[in-house]
Amino acid sequence: LYSQMKVLLIQPPIRDFYDTPIRIQPLGLCMLKASLGKTMPGIQVAVKDYHQGYGKKTVPLPPELSYLKAYYLYHDLSPFRTFSHYFHFGASIKDIGLDAFKESPDLVGISCLFSPYYLEALACAREIKRHLNVPVIMGGAHVSASPLTVLNDPDVDFIIRGEGERAFVEFIRAYQKGSGFENVPNL
């Protein structure tokens with residue numbers, strides 16, 4: 001039963017003034033994959049890191065940060081500059097949706113670790129839903145801290161708050177059985 005299912009776990013790109021190495025490690029997704037591998041070894045799980053390895057692209061400053069322009073009137077050329085440009089770090093949202101379509105998963109999980117980047121996670125969900133009619137589940141620190149900012153989005157079907165390893169396994173079991181999700185912890 002479990003071998004017929006394919007799960008795609010996504011580390012979304014971010015948009016910010018700068019990037020740091022701590023943001024590029026999809027450790028939580030790898031732990032979810034390991035949990036599924038240990039308890040349900042037949043399920044295919046792919047972890048796709050769309051943040052690291054795709055470079056950066058300058059993008060317009062979002063309207064909610066436009067007040068910062070008053071503080072950075074001149075282009076900073078110093079080696080310590082961090083707020084001269086706003087960037088998209090990672091794959092394009094469109095490419096993520098197309099890649100998900102090619103993967104043809106039965107379920108997509110998206111990491112939503114940092115509150116400043118939850119819009120990128122939601123954009124991934126929206127683009128995936130444009131190409132696939134599969135459930136999208138989200139977890140991570142932002143989801144745990146502010147669940148309604150994610151759950152109220154029509155492109156997110158489920159969220160897991162708090163620790164996700166056991167909850168994700170139980171969710172997959174319930175999903176496979178087609179039974180209710182009321183016994184899935186943190187869902």
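Up top is the structure.
All of these numbers come straight from a predicted model, not from anything done at the bench.

## Details of the overall build of the protein chain
Phase 1 of the analysis: Helix and strand counts for the protein chain come out as six helices and eight strands.
Phase 2 of the analysis: For a compact globule of 187 residues, the expected C-alpha radius of gyration is about 16 Å, and the protein chain comes in at 18 Å, within 12% of that figure.
Phase 3 of the analysis: Seen through its principal axes, the protein chain has C-alpha atoms that stretch 60 × 30 × 30 Å.
Phase 4 of the analysis: Among the 187 residues that make up the protein chain, the fraction classed as buried is 43%.
Phase 5 of the analysis: Within the protein chain, contacts between residues at least 6 apart in sequence are counted, and of these 73% link residues at least 24 apart.
Phase 6 of the analysis: For the protein chain, the exposed surface amounts to about 10300 Å²; the carbon and sulfur share of it is 56%.

## Observations regarding unusual backbone geometry
Phase 1 of the analysis: Phi is positive for Ser-104, close to 55 degrees, though the residue is something other than glycine.
Phase 2 of the analysis: Inspection of the secondary structure assignment puts Ser-104 in the loop between helix H2 (93-103) and strand E6 (107-111).
Phase 3 of the analysis: Non-glycine residue Asn-186 carries a positive phi angle of around 65 degrees.
Phase 4 of the analysis: Of note, Asn-186 is situated in the segment after helix H6 (165-177).
Phase 5 of the analysis: When its relative accessible area of 38% is taken as the criterion, Asn-186 is described as partly exposed.

## Observations concerning the sheet that holds strand E2 (residues 14-16)
Phase 1 of the analysis: In spatial order, the strands read E2-E5-E4; together these three strands make up an open sheet with antiparallel pairing. Looking at strand neighbours, the two that pair on one side only are E2 and strand E4 (56-58), the edges of this open sheet. Strand-to-strand, the axes of this sheet are offset by a mean angle of 25 degrees, without reference to chain direction.
Phase 2 of the analysis: In terms of strand pairing, E4 meets strand E5 (residues 87-89) through three bridges, oriented antiparallel. Bridge pairing links Thr-58 to Phe-87 in E5.

## Brief notes about the nonpolar core
Phase 1 of the analysis: Core analysis: the biggest nonpolar cluster contains 25 residues, and Ile-10, Val-108, Ile-110, Ile-128, Met-138 and Val-150 have the highest contact counts within it.
Phase 2 of the analysis: Those elements that provide at least two residues to this core are strand E1 (6-11), H2, E6, helix H3 (118-131) and strand E7 (136-139).
Phase 3 of the analysis: Here this core gets six residues from one element, more than from any other, and that element is H3.
Phase 4 of the analysis: In this structure, Ile-110 is in contact with Ile-10, Pro-12, Ala-121, Cys-124, Ala-125, Ile-128, Val-136, Ile-137, Met-138 and Gly-139, ignoring residues within four places of it in sequence.
Phase 5 of the analysis: Formed by 20 residues, the second largest nonpolar core is a distinct cluster that contains Val-7, Val-45, Phe-158 and Ile-160.

## Here's the deal with the side chain of His-142
Phase 1 of the analysis: Mapped onto the secondary structure, His-142 falls in helix H4 (residues 141-145).
Phase 2 of the analysis: Residue His-142 is classed as buried on the basis of its relative accessible area of 4%.
Phase 3 of the analysis: If we ignore the near neighbours within four places in the chain, the residues touching His-142 are Cys-112, Leu-113, Phe-114, Ser-115, Tyr-118, Pro-147, Thr-149 and Val-150.

## A short note on the packing of aromatic side chains
Phase 1 of the analysis: Taken as a whole and judged by the stated rule, the model has eight aromatic pairs.
Phase 2 of the analysis: Aromatic pair Tyr-50 and Tyr-54: ring centres 6.1 Å apart, planes at 35 degrees, arrangement tilted.
Phase 3 of the analysis: Judged by relative accessible area, which is 2%, Tyr-50 ranks as buried.
Phase 4 of the analysis: Among the residues examined, Tyr-54 registers a relative accessible area of 44% and is labelled partly exposed.
Phase 5 of the analysis: Centre to centre, the rings of Phe-158 and Phe-171 are 4.8 Å apart; their planes meet at 65 degrees, and the pair counts as edge-to-face. Note that Phe-158 is positioned in strand E8 (residues 158-160) and Phe-171 in helix H6, a separation of 13 residues in sequence. In this pair, the class of Phe-158 matches that of Phe-171, namely buried.
Phase 6 of the analysis: An aromatic cluster is built from Phe-158, Phe-171, Tyr-175 and Phe-181, whose rings are joined through pairwise contacts.

Rules used throughout
Residues numbered from 1 in each chain as written. Predicted model: local features only at pLDDT ≥ 70, side-chain atom pairs only at ≥ 80, totals over all residues. Heavy atoms only, no water. Helix = DSSP H or I, 4+ residues; strand = E, 2+ residues; numbered from the N terminus. Rg over C-alpha atoms; globule rule 2.2 N^0.38 Å. Buried < 20%, exposed > 50% of the residue type's maximum accessible area, 1.4 Å probe, protein only. Contact = heavy atoms within 4.5 Å. Areas by Shrake-Rupley, 256 points an atom, 1.4 Å probe, with all protein chains shown as cover. Pairing = 2+ DSSP bridges. Axes fitted to C-alpha atoms, helices over the stretch in contact; angles between N-to-C directions. Core = buried A, V, L, I, M, F, W, Y, C linked by side-chain atoms within 4.5 Å. Phe/Tyr/Trp six-rings, centres within 6.5 Å; stacked < 30°, edge-to-face > 60°.

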